[in-house]
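Chain and residue survey
Residues per chain, in single letters:
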Amino acid sequence: MRYDQATWTREDGDENADTYEPLLAEKRSTEVAVDESPLPDDLTRESVALPDPSEPELARHYTRLSQMNYGVESGPFPLGSCTMKYNPKFTEDVAALPGAGTHPARSAASTQGTLELRHHLQTYLARIGGMHSVTLQPPAGAAGEFTGILVAKAYHEEHGNDRNEIIVPESAHGTNFASAALAGYEVVSLPSAEDGRVDVDALEAAVSDDTAALMLTNPNTLGLFERDIEEIAEIVHGAGGLLYYDGANLNALLGRVRPGDMGFDVMHYNVHKTFATPHGGGGPGAGPVGVVEELAPYLPSPQIEERDGEYERVEPEHTIGKVHGFAGNWLVLLKTYAYIARLGDSGLTDTSAKAVLNANYLASQIDYEIPFSPFHHEFVASADRDAADVAKRMLDYGVHPPTTKWPEIVDEALMTEPTEAETQAALDQLARAFNNAADDSDEALETAPERTAAGRIDQADAARNPRLSWQALDN
Amino acid sequence: MSFDVPDDRGYMESHEWASDEGGTARVGISDFAQDELGDIVFVEFPDEGAEIAHDEQLGVVESIKAVSDLYSPVSGTVTATNDELLDAPELLNDDPYGEGWLVEVDLADESGLDELLSADEYRDQIE
């Protein structure tokens, strides 16, 4: 085997270019020969060019990349529905403790500490949701939804209920439709009433002997509390169906109202939204599922139970099996545990108050119509011009814009969720960005952003001609 | 804003069109549909020889805004596909009634185009 040194040269960026291009190193091809390979010839190549930057070059490269990005540690990030919360660093410290990550195949006797924490977390989440039992296994919110629907399905099958429909409000998160369909159900879409809430008459017309469940989030996608929730629960239960709670907006109710008390039978927790764990982005996540007592025997295996001070792994009687390896993504769950334990009852209750207060304060400071209220932790403003242009202009004012053009019930929607972590100063900064963009000319909006690392992206060209590797950048 | 709705073909409520080419029909999407979708970036349709049926799924069109199912205005056998679209999906935006056609279909029966909306009826629907 023989490796030659690669050499890199840098070219200056074009100061006058319309869009900023990063100073990508241009590589001079270098031979790296492999003399003998057991692989067939058509799977090997004669040479591979490897970069060989100096350490400061490498450090600067990655620092520059991080500066081109915008994250919740750069400034306000009010992406509605997504709940882009700041993740306190102490949760990372806890997850990094020696012994935090015990091997999941170790015996219960040698990992009592971990099992105790898992059991505590099951119990905490059950208490927060008003549920009887909780599984920690699903690896993400949507995976939790799917797990919850599988549990409901197993319950119906065990009871000889032949039900093939799941009702989902049309304003629901897209994952609800997907989870129901993936579990083998027909999805019945429920239109919203004029006030943006569930249309109770339409729901009564939609339920039948075929209804397996209604999936609902409360407050809903518009940030509105479903005031008729008790009547909705009666209608669904009266038809023999189950009520599924999408935990995406639980951060608005934390410590105040519990899904279990509203009549929900199954729910998932988005720990990255309600508590504080990193958003997945494809990485490890967690989406625990809580159920009422009747559904507990169907949860994934194993559950952690305590007997005489000993913690053990137990297989529920009618378990649906596994939805992920071992205990799920334990270190993500451990961050959830740390957050709950540090804040306690009063702290958690305070987060929902601040989430709602922040959304309502921000709404009071911006010059936009907000058709639906009173809202909780998020609101949907109408841009009254192209919402995507407004959002891109907001980038120029140094903040991350809200979610755009969804839900469709609001024209040119700007779905805004500042989260509880922002200060009044940060909310004022956001409001200025909203209002400056509203005052700007159409020309300014159509060419925005102009102060960001990358200028206006040609979305159509990016989708039609994707460049999926660094080599494509040469072309 | 008014949309181009040529009189020489029939339309579906779901915004596809079919034109009579004498025993075969050409199928595409309307000007209104391409405008609603925005910049189209990907299109998928059946292979030559596939059997398709009226009002059943014909394919998928994806724009920067949405992914939508396409429904067939006619029943029959696909005899030709517009493979240009695979490399140049923007033809659907630029020329929906011409170079942006999707497939040609050998009609299963003569009445194939009769159940479609006329240009006037379709114009009423989108206005």
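Residues numbered from 1 in each chain as written. Chains lettered and ligands numbered in written order. Predicted model: local features only at pLDDT ≥ 70, side-chain atom pairs only at ≥ 80, totals over all residues.

Per an unreviewed UniProt entry, chain B is named Probable glycine cleavage system H protein, and its organism is Halococcus morrhuae DSM 1307. Its UniProt record gives chain B a comment under Sequence similarities (unreviewed entry), which states: "Belongs to the GcvH family." UniProt, in its Subunit (unreviewed entry) section for chain B, records the words "The glycine cleavage system is composed of four proteins: P, T, L and H." (UniProt positions renumbered as here; feature names shortened; annotations may be inferred.)

In the annotation of an unreviewed UniProt entry, the entry for chain A reads glycine dehydrogenase (aminomethyl-transferring), and the organism field reads Halococcus morrhuae DSM 1307. The heading Catalytic activity (unreviewed entry) in the UniProt record of chain A holds the text "N(6)-[(R)-lipoyl]-L-lysyl-[glycine-cleavage complex H protein] + glycine + H(+) = N(6)-[(R)-S(8)-aminomethyldihydrolipoyl]-L-lysyl-[glycine-cleavage complex H protein] + CO2".

**A closer look at the environment of Y185 of chain A**
Residues and elements named next belong to chain A. In this structure, Y185 sits in the loop between helix 5 (174-182) and strand 7 (186-190). A sequence separation of 19 residues divides Y185 from I166, and the C-alpha atoms of the two residues are 6.3 Å apart. Residues in contact with Y185, not counting those within four places in the same chain, are N164, E165, I166, A180 and A212. (Helix = DSSP H or I, 4+ residues; strand = E, 2+ residues; numbered from the N terminus. Contact = placed C-beta atoms within 7 Å.)

**Quick word on the UniProt feature "domain: Aminotransferase class V" (unreviewed entry) in chain A**
Mapped onto the present numbering, the UniProt feature "domain: Aminotransferase class V" (unreviewed entry) falls on residues 150-280 of chain A. Structurally, residues 150-280 of chain A comprises 33% helix and 18% strand, and the distance from its first C-alpha atom to its last is 23 Å.

**Describing the UniProt feature "modified residue: N6-lipoyllysine" (unreviewed entry) in chain B**
Residue and element names in this part refer to chain B. The positions UniProt marks with the feature "modified residue: N6-lipoyllysine" (unreviewed entry) are K65. As for its position among the elements, K65 is in the loop between strand 6 (57-63) and strand 7 (67-71). A residue is classified by how many C-beta atoms lie within 10 Å of it, and K65, with 15 of them, is partly exposed. (Buried ≥ 20, exposed ≤ 12 C-beta atoms within 10 Å, placed from the backbone.)

**Quick notes on the UniProt feature "domain: Glycine dehydrogenase C-terminal" (unreviewed entry) in chain A**
Under the UniProt annotation, "domain: Glycine dehydrogenase C-terminal" (unreviewed entry) lies at residues 352-443 of chain A. For residues 352-443 of chain A, helix accounts for 46% and strand for 11%, while the C-alpha atoms at its two ends are 40 Å apart.

**Digging into the interface of chain B and chain A**
Listed as interface residues are four residues of chain B and, on the opposing side, four residues of chain A. A per-class count over the side of chain B that touches chain A returns three nonpolar, no polar and one charged. (Nonpolar A, V, L, I, M, F, W, Y, C, P; charged D, E, K, R; others polar.)

**Some words on the sheet that holds strand 4 (residues 40-44) of chain B**
All names here are of chain B. Pairing in this open sheet of three strands is antiparallel, and the strands run 4-6-7 from one edge to the other. Every interior strand has two partners, whereas the edge strands, strand 4 and strand 7, have only one. Averaged over all pairs of adjacent strands, the angle between their axes in this sheet comes to 25°, without regard to strand direction. When strand 6 meets strand 7, the two strands line up antiparallel, connected through five bridges. Looking at the pairing, V61 lines up with S68 of strand 7. (Pairing = 2+ DSSP bridges. Axes fitted to C-alpha atoms, helices over the stretch in contact; angles between N-to-C directions.)

**Some thoughts on the nonpolar core**
When a protein is soluble and globular, its nonpolar side chains tend to lie buried together. Core analysis: the biggest nonpolar cluster contains 100 residues, and V151, Y244 and V266 of chain A have the highest contact counts within it. Per element, the largest residue contribution to this core is 14 residues, and it comes from helix 10 (residues 330-365) of chain A. The contacts of V151 of chain A, once residues within four sequence positions are left out, are V266, V289, V291, L295, Y298, L299 and I320 of chain A. If you look at the next biggest cluster of nonpolar residues, it comprises 30 residues, including I40, V41, L92 and L116 of chain B. (Core = buried A, V, L, I, M, F, W, Y, C linked by C-beta atoms within 7 Å.)

**Comments concerning the environment of T336 of chain A**
Residues and elements named next belong to chain A. If you trace the backbone, T336 turns up in helix 10. With 64 residues separating them in the primary sequence, T336 and H272 have C-alpha atoms 8.2 Å apart. Residue contacts for T336: discarding those within four places in its chain leaves L121, V271, F275, T277 and A286.

**A few points about the domain arrangement of chain A**
Domain annotation of chain A identifies domain 1 (2-68) and domain 2 (89-475). On a C-alpha basis, the centres of domain 1 of chain A and domain 2 of chain A stand 40 Å from each other. (Domains from an automatic or database assignment.)

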